Amino acid sequence: MVLNYIWVAFFLLAFVIAVVKLVFWGDYDVFPAMMDSTFASSKTAFEISLGLTGVLSLWLGVMKIGEKGGVVNVLARLLSPVFTKLFPDIPKGHPVTGSIFMNIAANMLGLDNAATPLGLKAMEQMQELNPKKDTAWNPMIMFLVLNTSGLTLIPVSIMVYRVQMGATQPTDIFIPILLATFFSTLVGIIVTSLFQHINLLNRTLLLTLGGACAVVAGIIWGFSRMDGETMNRVSTTVANILLMTIIVSFIAAGVRKKINVYDAFIEGAKDGFQTAVRIIPYLVAILVGIGVFRASGAMDMLIGGMRWCVELTGMNAQWVDAMPTAMMKPLSGSGARGMMVDAMTTYGADSFVGRLSCVFQGSTDTTFYILAVYFGSVGIAKTRHAVACGLLADLAGIIAAIAICYLFFG
């Protein structure tokens, strides 16, 4: 519903601004430009979707091997000591903990198709324990904030789009996204814990969160001591080594489980092809809407207003051009994806704005969509502090993304 309003607003605002420019400024080129943009944007959307087919099939095939090879189960067991501390209201040993761990682990691996059913199952199980059936229970809110903060180890889809848009090193945003989404998740956990009076000063959480913070601080410190060329080369090399290690590890896990690795890959690859075809109409719709909005001059007015406000403070305003992606992400994943693609098309995949848009896309998740789907599935009407915690995590991810991109690409 939110995306419907946004899409309609793109066309209505663009039309009004075009009429004003024609009547008061005599701009006779604005309407031809808007119409040309509809055809150009729809063609671009189809070409992008078509180009996604091969890479999506590859990665979803690899992910299917990891799923059947038990990688998700291993991650669930590793995360168990931490999540029992974050969900103190859930009885120890209750089956819902398994669904929670599996959902979070699947999200970290980018297995959206597996994560959503597991998440809905976890919500149903938590609703059985919920003392107030129409009100969000504390574990539900913590669970959803962990989902909306977007903690992902492998941003497959973003790297796929960068390949399609001609990026020289499609994986150069891997480490920046990992760092930004870490800060988003960390802030989400802290804020939600403060609302729910969860004691974070226990040994398990202190060791886990403190250790993670130390590692991230070490990474940032190490990269900050490098010049731009060395930083880009090292981060890209490390990202490629990690990704290749993950692929080989998934295959090894599948061999160890004695599954047919080839058949598992084919099964996942088929899903990749279907996914690429399925997103065509969504990508056409959002790119055409953005194209018309940009051709009318409305996007330039919006970004220009934001830039003017930022420059009044004396800050560098280079990041403002990527903000449409950040503003859209809490509302709509497909809308933010369209904004990301539009930024890479307009400014270049290897530009600062293009890279920052990708990091924005990967640093958080679609907060309002997730809350609507998960709460709606169990009939929760009173969400309490869920929205506030989710949006604060989003804000932390946006701020971290800007700072990290200046460090890596500025």
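The structure reproduced in this document is the subject of the present report. Quick caveat, the model's predicted, so the values are computed rather than measured.

As a further point, take the state of the cysteines. One pass over the full model with this rule turns up zero disulfides. Looking at Cys358, it has no disulfide partner, and the nearest cysteine sulfur is the one in Cys405, 8.9 Å off.

Another aspect to go through is the packing of aromatic side chains. Evaluation of the coordinates by the stated rule reveals seven aromatic pairs. The interplanar angle of 70 degrees and the centroid separation of 4.9 Å between the aromatic rings of Trp7 and Phe11 together place this pair among those described as edge-to-face. You can see Trp7 and its partner Phe11 sitting in helix α1 (residues 2-25), four residues apart, about one turn around the helix. With a centroid separation of 5.8 Å and 70 degrees between ring planes, the pair formed by Phe15 and Phe31 is classed as edge-to-face. With Phe15 in helix α1 and Phe31 in helix α2 (residues 30-68), the pair connects residues that are 16 residues apart, well separated along the chain. With a relative accessible area of 47%, Phe15 lands in the partly exposed category.

This part is about a nonpolar patch on the surface. Taken together, the side chains of Phe15, Val16, Val19, Val20, Val23, Phe24 and Trp25 make up a nonpolar region of the molecular surface, amounting to roughly 740 Å² of accessible area. Within the secondary structure layout, Val23 lies in helix α1. Accessibility expressed as a relative area gives 58% for Val23, which makes it exposed.

The next point concerns the side chain of Lys329. Looking at the element boundaries, Lys329 is found in the loop between α14 (323-328) and α15 (333-347). Of the side chains bearing the opposite charge, Asp365 lies closest to the buried Lys329, which forms no salt bridge; the N-O distance is 4.8 Å. Among the polar contacts listed, one links the side chain of Lys329 to the backbone oxygen of Thr364, at a separation of 2.7 Å. Setting aside residues no more than four positions away along its own chain, Lys329 makes contact with Ala336, Phe360, Gln361, Thr364, Asp365, Thr366 and Thr367.

This part is about the packing of α15 against helix α16 (residues 352-363). The contact between α15 and α16 brings their axes to 8 Å, and the two run at 165 degrees. Considered as vectors, α15 and α16 are oriented roughly antiparallel to each other. Both α15 and α16 take part in a crossing whose hand is left-handed. Contact residues: Gly333, Ala336, Arg337, Met340, Ala343, Met344 and Tyr347 in α15; Val353, Gly354, Ser357, Cys358 and Gln361 in α16. Taken together, the residues of the contact of α15 with α16 sort by class into seven nonpolar, four polar and one charged.

Looking now at the nonpolar core. Counting residues in hydrophobic clusters, the biggest one holds 76 residues, and the most contacted among them are Phe10, Tyr161, Ile173, Trp319, Leu356, Phe360 and Phe408. When residues of this core are assigned to their parent elements, the largest contribution, eight residues, is made by helix α18 (residues 386-409).

Another point: the environment of His94. Within the secondary structure, His94 is located in the loop between α3 (71-86) and α4 (96-108). For the pair His94 and Leu331, spaced 237 residues apart in sequence, the C-alpha separation works out to 33 Å. Those residues in contact with His94 that sit more than four places away from it in its chain are Gln125 and Leu129.

Okay, α16 next. The end-to-end C-alpha separation of α16 is 16 Å, in line with the 16 Å expected for twelve residues at 1.5 Å each. When α16 is considered as a whole, its buried residues turn out to be Phe352, Val353, Gly354, Arg355, Leu356, Ser357, Cys358, Val359, Phe360, Gln361, Gly362 and Ser363.

This paragraph deals with unusual backbone geometry. Positive phi values are uncommon outside glycine, yet Lys258 reaches one of about 60 degrees. Residue placement: Lys258 occurs in the loop between α10 (228-256) and α11 (261-278). Assessed through its relative accessible area of 76%, Lys258 is described here as exposed. Positive phi is not limited to glycine here, since Arg384 has a value of about 55 degrees. Tracing the sequence through the fold places Arg384 in the loop between α17 (367-377) and α18.

Conventions we followed
- Residues numbered from 1 in each chain as written.
- Predicted model: local features only at pLDDT ≥ 70, side-chain atom pairs only at ≥ 80, totals over all residues.
- Heavy atoms only, no water.
- Disulfide = S-S within 2.5 Å.
- Phe/Tyr/Trp six-rings, centres within 6.5 Å; stacked < 30°, edge-to-face > 60°.
- Helix = DSSP H or I, 4+ residues; strand = E, 2+ residues; numbered from the N terminus.
- Buried < 20%, exposed > 50% of the residue type's maximum accessible area, 1.4 Å probe, protein only.
- Patch = residues over 30% accessible without salt bridge, like charges linked within 9 Å, V, L, I, M, F, W, Y side chains within 5 Å.
- Areas by Shrake-Rupley, 256 points an atom, 1.4 Å probe, with all protein chains shown as cover.
- Salt bridge = Lys/Arg side-chain N within 4 Å of Asp/Glu carboxyl O.
- Lys, Arg positive; Asp, Glu negative; His and termini not counted.
- Polar contact = N/O pair within 3.5 Å; in protein donor to acceptor, adjacent residues only side chain to side chain.
- Contact = heavy atoms within 4.5 Å.
- Axes fitted to C-alpha atoms, helices over the stretch in contact; angles between N-to-C directions.
- Parallel < 35°, antiparallel > 145°, perpendicular 65-115°, else oblique.
- Left-handed = near helix turned anticlockwise from the far one by under 90°.
- Nonpolar A, V, L, I, M, F, W, Y, C, P; charged D, E, K, R; others polar.
- Core = buried A, V, L, I, M, F, W, Y, C linked by side-chain atoms within 4.5 Å.
- Expected span 1.5 Å × (residues − 1).

What is shown is where atoms sit, not what they do.
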